[in-house]
Amino acid sequence: MRFVALAFSLTLCPKPLMRPTAIETEIGQIPLQNCLYNASGARCTTGEELDSLARAPTGAVLAKSATIAYRKGNPKPRYRDIPFGSINAMGLPNLGIDFYLDYAAAFSAEKPLFLSVAGLTTAENHTLLKRIQKAAGVGAVELNLSCPNIPGKPQTGYDVAQTEHLLQGVFAFYDKPLGVKLPPYFDRVHFDQMAAVLNRFPLAFVTCINSMGNGLHIDVERETASLKPKGGFGGIGGLYAKPTALANVNRFYKLLDGIPIVGCGGVQTGTDVFEHILCGASAVQVGTSLMKEGLACFTRLGEELQSLMREKGYVRVADFKGKLKSL
Ligand code: IRO
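Residues numbered from 1 in each chain as written. Predicted model: local features only at pLDDT ≥ 70, side-chain atom pairs only at ≥ 80, totals over all residues. Heavy atoms only, no water.

Trainee: Is there a simple way to think about the sheet that holds strand β10 (residues 206–208) in this case?
Mentor: In any sheet, the strands associate via hydrogen bonds between backbone groups, in a parallel or an antiparallel arrangement. Within the open sheet, the 8 strands sit side by side as β3-β16-β15-β10-β9-β8-β7-β4. Their pairing is parallel. Unpaired on one side and paired on the other, β3 (36–38) and β4 (61–66) mark the two borders of the sheet. Ignoring which end each strand starts from, the neighbouring axes of this sheet average 25° apart. The sheet strands contacting helix α3 (residues 97–106) are β4 and β7 (113–117), and the helix crosses β7 at an angle near 170°. Along the sheet, helix α8 (residues 270–279) makes contact with β3, β15 (261–264) and β16 (281–286), crossing β16 at roughly 145°. (Pairing = 2+ DSSP bridges. Helix = DSSP H or I, 4+ residues; strand = E, 2+ residues; numbered from the N terminus. Axes fitted to C-alpha atoms, helices over the stretch in contact; angles between N-to-C directions. Contact = heavy atoms within 4.5 Å.)

Trainee: How should I be thinking about the site of the ligand in this particular structure?
Mentor: Around the ligand, the neighbouring residues are K64, N88, M90, G91, L92, P93, N144, C147, P148, N149, N210 and S211. In the model, an oxygen atom of the ligand is placed 2.8 Å from a nitrogen or oxygen of the G91 main chain. Bound to the protein, the ligand loses 93% of the 320 Å² it would expose on its own. The residue inventory of the shell around the ligand, partitioned by class, reads 5 nonpolar, 6 polar and 1 charged. (Near = heavy atom within 4 Å. Polar contact = N/O pair within 3.5 Å; in protein donor to acceptor, adjacent residues only side chain to side chain. Areas by Shrake-Rupley, 256 points an atom, 1.4 Å probe, with all protein chains shown as cover. Nonpolar A, V, L, I, M, F, W, Y, C, P; charged D, E, K, R; others polar.)

Trainee: I'm lost on the side chain of N38 in this one. Help?
Mentor: As for its placement among the helices and strands, N38 is situated in strand β3. When its relative accessible area of 0% is taken as the criterion, N38 is described as buried. Looking at N38, its side chain comes within polar contact range of the main-chain oxygen of L62, at 2.7 Å. Those residues in contact with N38 that sit more than four places away from it in its chain are C44, L53, A60, V61, L62, Q285, V286, L290 and F298. (Buried < 20%, exposed > 50% of the residue type's maximum accessible area, 1.4 Å probe, protein only.)

Trainee: How should the packing of helix α2 (residues 47–55) against α3 be read in this particular structure?
Mentor: The contact between α2 and α3 brings their axes to 11 Å, and the two run at 35°. In this structure, α2 meets α3 at a crossing whose hand is right-handed. Facing G47, L50 and D51 of α2, the residues of α3 in contact are F99, Y100 and Y103. Taken together, the residues of the contact of α2 with α3 sort by class into 4 nonpolar, 1 polar and 1 charged. (Left-handed = near helix turned anticlockwise from the far one by under 90°.)

Trainee: Explanation requested: the packing of helix α6 (residues 188–198) against helix α7 (residues 242–255) in the structure shown.
Mentor: The relative placement of two packed helices comes down to the angle between their axes together with the axis-to-axis distance. It is the contact of α6 with α7, at a shortest axis distance of 10 Å, that shows an interaxial angle of 45°. It follows from the interaxial angle that α6 and α7 lie oblique. Seen from above, α6 lies across α7 with right-handed handedness. Listed contacts from α7 to R188, F191, D192, M194, A195 and L198 of α6 are N248, R251, F252 and L255. A per-class count over the contact of α6 with α7 returns 6 nonpolar, 1 polar and 3 charged. (Parallel < 35°, antiparallel > 145°, perpendicular 65-115°, else oblique.)

Trainee: Can you help me understand the packing of aromatic side chains in this one?
Mentor: Two aromatic rings, taken as a pair, are described by how far apart their centres are and by the angle between their planes. Throughout the structure, instances matching the rule amount to 15 aromatic pairs. Seen in terms of ring centroids, Y37 and F114 are 5.6 Å apart; in terms of plane orientation they differ by 85°. Their pairing is edge-to-face. Taken together, the positions of Y37 in strand β3 and F114 in strand β7 put the pair 77 residues apart, joining distant regions of the chain. With a relative accessible area of 1%, F114 lands in the buried category. (Phe/Tyr/Trp six-rings, centres within 6.5 Å; stacked < 30°, edge-to-face > 60°.)

Trainee: Please clarify how the sheet that holds strand β11 (residues 212–216) should be interpreted in this entry.
Mentor: Taken together, 4 strands build an open sheet; the order of strands is β5-β6-β14-β11 and the sheet is antiparallel. Bordering the open sheet on either side are β5 (79–82) and β11, each of which pairs with just one other strand. Strand-to-strand, the axes of this sheet are offset by a mean angle of 40°, without reference to chain direction.

Trainee: Even after reading the chapter, I still don't get the pairing of strand β8 (residues 140–144), so can you show me in this structure?
Mentor: In the case of a regular strand, side chains alternate between the two sheet surfaces. When you tally the buried positions in β8, you get 5 out of 5 residues, the bulk of the element. Burial of β8 is two-sided: the residues A140, E142 and N144 facing one way and the residues V141 and L143 facing the other way are all buried. Across 4 bridges, the pairing between β7 and β8 is parallel. Each bridged residue has a counterpart across the sheet, and for L115 the counterpart in β8 is V141. Taking the sense of rotation as the criterion, the β-α-β connection linking β7, helix α4 (residues 122–133) and β8 turns out right-handed. When β8 meets strand β9 (residues 178–182), the two strands line up parallel, connected through 4 bridges. Directly across from V141, in β9, lies its bridge partner L178. With helix α5 (residues 160–171) bridging β8 and its parallel neighbour β9, the resulting β-α-β unit is right-handed. (Right-handed = clockwise from strand over helix to strand, strands pointing away.)

And the structure:
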């Protein structure tokens, strides 16, 4: 009888005998069943793309950065896979905020929908956020301070005073969860200056990093740039960006007073996800790998992360989050 009960528990109820490794997490007050989700811009512009992301094994769905009006974006080719990553000069193509608000109102997946906002002026950002504040179905907003591809529009995140001015205006009326997406920084003083500003506001999260702006990839055979817009200059993502992304995640994790970090940049394997979390990320976005591999990347990355966690004896994300050791 005891043998029968044991055989039953081994076959039908294997869970208690296995070591559970959960990749659930939370970004501050926002619980996520999976620490992975898409980066804004990667396969998340249309309703069909967002529906597919809603069905994928991810913790959230994040939409393409929105402006008030529909934008066609820059002329093509404006995105290329390149050997160790990607280059893009998309130019903020999106369906306009009305589309994303309607999508949010009807969203019924068992995970939060995040909207991304990238107004071309401070006034446009305020208008967008006032609309979102009144809307239903939006889990959080990622305010994009770092689009590198709008000719004539510098990245707000490279101007500390302008960032402070924008956030002062935003938090004068906005009281729902809102985070910012930063460009990569390369100088220790710039980390300090931006962190000092961000610490003055009740941010729900800070996403590090957007693509590394204004790289140039050459098509040697044709002796041209690989992209058409902006003389070929575009944001670089993928493995090229990983060490910079990890440095930004880790520096802001240390400098920000408890504001959660969302890591983004160079995630190709479960080990890359692990590294982001070790550096301090609470959740990790996937951009270039999603573009190259499609939605299957999320199953693979989740499995690879869990297998590494098992190897290392970690049971949950919190066991190693921010625990980068010194040498
Ligand atoms: O060109 C784009 O649409 C774009 C945006 I808004 C961004 O935030 N980052 C990027 O690499 N491309």
